[in-house]
Amino acid sequence: MFVKKYDVVIIGGGGAGLRTAIEVARNPVLKVALVSKVYPTRSHTGAAQGGMNAALGNVIPDDNPKAHAYDTIKGSDFLADQSAVFFMTENAPEIVYELDRWGVPFSRLEDGRIAQRPFGGASFPRTVYAADKTGHVLLHVLFEQALSKDNIDFYNEFFLLDIIQNGERVKGVSLYDIKNGEVVILQTKAVILATGGFARIYWFRSTNAVGNTGDGQAVAFRNGIPLKDMEFVQFHPTGLAKTGILLSEACRGEGGYLINKFGERFMKKYAPEKMELAPRDMVSRAIEQEIREGRGVGRGAKAYVYLDLKHLGEEKINERLPQVRQLAIDFEGVDPVKDLVPIRPTAHYCMGGIHVSNFKTSETPLKGLYAVGECACVSVHGANRLGGNSLTEILVFGKFCGMAVREYVEDVDYREIPAYEIRRYEDFISSLMKREGNEKLAEIRSQMGEITWSKMGIFRDEKSLSSAVEDLSELLERWENIPVNDKSKIFNTNLIELLELRNMLELARAVAFAALYRKESRGGHSREDYPSRDDEKFLKHSLLYYKEGKLILEYIPVDITEYKPAQRTY
Ligand SMILES: Cc1cc2nc3c(=O)[nH]c(=O)nc-3n(C[C@H](O)[C@H](O)[C@H](O)COP(=O)(O)OP(=O)(O)OC[C@H]3O[C@@H](n4cnc5c(N)ncnc54)[C@H](O)[C@@H]3O)c2cc1C
């Protein structure tokens, strides 16, 4: 084991972690560690296809940050904190220009300015993009910028085990070196969690990378930091039918249709004005409704509807949606240029996450601990995120968090980490390695996937949710009896998957628990037993604490400064 000292430790090498690191490292005397369980360019940000929102007004000059804010707040079903939303939309254009200067190859208009495409729930074409590979190019450019800073040390393929704190503030982190099987301690003044989302709890139908297991959220939760609005998970309407792999919202942004087995564009019943470009929660429910009422193709788990891109023509598909075409060919065996594409909703994004108590700094209730990106809940997405707003969020809040942390660490010292605390983590790993038991990791993970999809998916109710809480608690107990069969130290993925599974089970149960007590339908949370929104009782954020093995739910008010909640029609 070794112990090293850094002014700032950032956990996560995706868009949020990299953008924050670049900002902190602007002060050359600060030493920064950037930790990632996968090589940074393999982070899930690289999978983002469609683009990011910023009111540049390049296509329609009337667009502006206020319109972007209103669309975001309406899309959130009025649960977003409005000051935070305005902060994001006002800072978004500068973030895009900065990326442009750093070399992101944005798609262009004829006159050379950055192109913008329409996206769901947006009143103007506002989404900037690089074909349908926006996240990929963005992640590589950010990585390049971070590599150019001499004061950032990269800990690639190191796994966060825990934060080390004294009840008042953070002192360090404990990591597991995946390549060598050693525990490593980093002593630090500030920790920034940027560990991404956890939509992999829907193990069988998710757009997310297998590593999106919510490790940072689970670590924060176990350390007494509350998770906010966990009941809100986003299901993306267009997952490939067989695998749940994402086909970008850009498909509909570029003019794609959704049709049922009778060839009807069914969105005209559900959102007559916006049609296919209604927000994701509504479109996903509409697809499921069509399937339930027998207008999908097939039945049960294998049923689907179609995405129709044929009328866009081969040239436009190749220019704007090349990756979408390839994914459909490779994973569904159909070519969108000439075939209909079978699709169905798939778990995609987590609106909830680590409670951020000050959006300007991204600090959490524990001093020295910050959270940015999909693992955080600021909240700018409320009950439903608009497509293209996550990349905006991770970069805007990453930048400002970096600025705040740069100042914070100037006035604080390191705190001692006694040897016994360090040994605790070595003992923890060796106890896992020695563990005996007859449970199987893959089996428990499959059961989790079935529970999450069938009991806490797009539609839920009291019965399904309370049974999900019970089932997941039982799986957590059974987790204690899963042995690590691979005893090697070098790249032990068996051990890592065991650690990830505990995190997923804890978060899945948190989602079910918060969902059980939100007795209304709002955004991505759709209760069949409480089908309407109830502003009187539930216009508030949930805060879930984990104390002495118990889940404790509290609520805090929504910050409403500009727009009173109104009915949400499209
Ligand atoms: C397929 C897909 C397409 C999308 N398309 C869009 C889009 O077009 N527009 C948009 O706005 N949003 C999109 N999103 C959402 C958006 O991409 C994500 O919300 C965002 O990129 C998350 O960034 P992040 O930096 O917070 O997390 P990530 O990019 O997921 O990075 C998380 C980082 O944390 C590290 N990490 C996690 N756990 C640990 C641990 N235990 N120890 C050490 N390191 C750890 C990982 O290694 C990784 O580096 C899409 C999402 C998906 C899944």
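Residue indices follow the written sequence of each chain, beginning from 1 at its first position. Reporting of local features is limited, given that this is a predicted model, to residues whose pLDDT is at least 70; pairs of side-chain atoms are given and counted only at 80 or more, and all residues count toward the totals for whole chains, interfaces and linings. Where side-chain values are given, they derive from all heavy atoms of the structure, hydrogens and water being excluded.

With that out of the way, let us pick up the overall build of the chain. When you go through the chain residue by residue, the secondary structure sums to 16 helices and 19 strands. In summary, the chain has a C-alpha radius of gyration of 23 Å against a globular reference of 25 Å for 570 residues, a match within 12%. Structurally, the chain occupies a C-alpha span of about 65 × 55 × 50 Å along its principal axes. Here, residues are in contact when the closest pair of their heavy atoms is within 4.5 Å. Put simply, 74% of the contacts in the chain that link residues at least 6 apart link residues at least 24 apart. Working definition of accessibility: Shrake-Rupley area with a 1.4 Å probe, residue cover restricted to the visible protein chains. A total of about 20900 Å² of accessible surface is found on the chain, and carbon and sulfur atoms cover 49% of it. Helix and strand assignments come from DSSP, with helices taken as H or I runs of at least 4 residues and strands as E runs of at least 2, each series counted from the N terminus. In this treatment the radius of gyration is a C-alpha quantity, and the globule benchmark scales as 2.2 Å times the residue count to the 0.38 power.

Here strand β14 (residues 341-350) lies mainly inside the structure; 10 of its 10 residues are buried. One ladder, built from 3 bridges, connects strand β13 (residues 305-308) with β14; its direction is antiparallel. Across the sheet, residue V305 finds its bridge partner in β14, namely I343. Exposure is judged per residue with a 1.4 Å probe applied to protein chains only, and the accessible area is read against the type maximum: over 50% gives exposed, under 20% gives buried, and values in between give partly exposed. Should DSSP find at least two bridges between two strands, the strands are taken to pair.

With that settled, consider the layout of surface pockets. Buriedness for pockets is judged along seven lines, at least five of which must meet protein on both sides within 12 Å for an open set on the 1 Å grid over protein atoms alone, while cavities are sets there where a 1.4 Å probe fits but cannot get out, and lining residues have an atom within 4 Å of a point. Grid points are joined across faces, edges and corners, and a volume is the space filled by probe spheres set on the points. Considering only enclosed or pocket space, the second largest pocket measures out at about 490 Å³ in volume. The wall of the second largest pocket is formed by 20 residues, among which M282, R285, S521, S526 and P531 lie closest to the centre. The element contributing the most residues to the lining of the second largest pocket is helix α8 (residues 280-292), with 4 residues. Gly counts as polar in this scheme, as do all residues outside two lists: the nonpolar Ala, Val, Leu, Ile, Met, Phe, Trp, Tyr, Cys and Pro, and the charged Asp, Glu, Lys and Arg. Partitioned by chemical class, the residues of the lining of the second largest pocket number 5 nonpolar, 8 polar and 7 charged.

Spatial ordering of the open sheet is given by β3-β5-β4, a layout of 3 strands whose pairing is antiparallel. Of all strands in the sheet, those bounded by a partner on one side alone are β3 (52-53) and β4 (116-117).

Moving on, we come to the pattern of salt bridges. Salt-bridge detection follows one rule: a side-chain nitrogen of Lys or Arg within 4 Å of a carboxyl oxygen of Asp or Glu. For the structure shown, the criterion picks out 52 salt bridges. One salt bridge connects R435 with E480, and the closest N-O pair in it is separated by 3.8 Å. Of the two residues, R435 sits in the loop between α12 (419-434) and α13 (441-455) while E480 sits in the loop between α14 (462-479) and α15 (493-517), which places them 45 residues apart along the sequence. R435 sits in the buried class, given a relative accessible area of 12%. Salt bridges here are not isolated pairs; linked through shared partners, they connect D77, E231, D281, R285, R518, E520, R522, R533, D535 and R568.

The full set close to the ligand counts 37 residues, and S43, H44, T45, E374 and S390 are the nearest of them. In this structure, G14 approaches the ligand through a main-chain N or O atom, which is 3.4 Å from an oxygen atom. Contacts to the ligand include H44, whose backbone N or O atom sits 3.5 Å from an oxygen atom. The protein chains hide 97% of the 1000 Å² of surface that the ligand would expose on its own. For the shell around the ligand, the elements supplying multiple residues, two or more each, are α1 (15-24), β7 (158-165), β14 and α11 (389-408). The greatest single-element share of the shell around the ligand, amounting to 4 residues, is contributed by α11. Residue proximity to a molecule or strand is established when one non-hydrogen atom of the residue lies within 4 Å of it. Two N or O atoms count as a polar contact when they lie within 3.5 Å, although within protein this holds only if one can serve as hydrogen donor and the other as acceptor, and sequence-adjacent residues are included solely when both atoms are side-chain atoms.

Definition used in this section: a nonpolar core is a set of buried Ala, Val, Leu, Ile, Met, Phe, Trp, Tyr and Cys residues joined via side-chain atoms within 4.5 Å. Membership of the largest hydrophobic core comes to 87 residues, with the highest contact counts inside it found for L186 and M456. If one sorts the elements of this core by residue count, α15 sits on top with 16 residues. Discounting residues that sit within four places of it in the chain, L186 has contacts with K4, Y6, V9, A33, V35, Y155, K171, G172, V173 and L175. Among the nonpolar cores identified, the runner-up in size contains 60 residues, and V96, I114, I192 and V409 belong to it.

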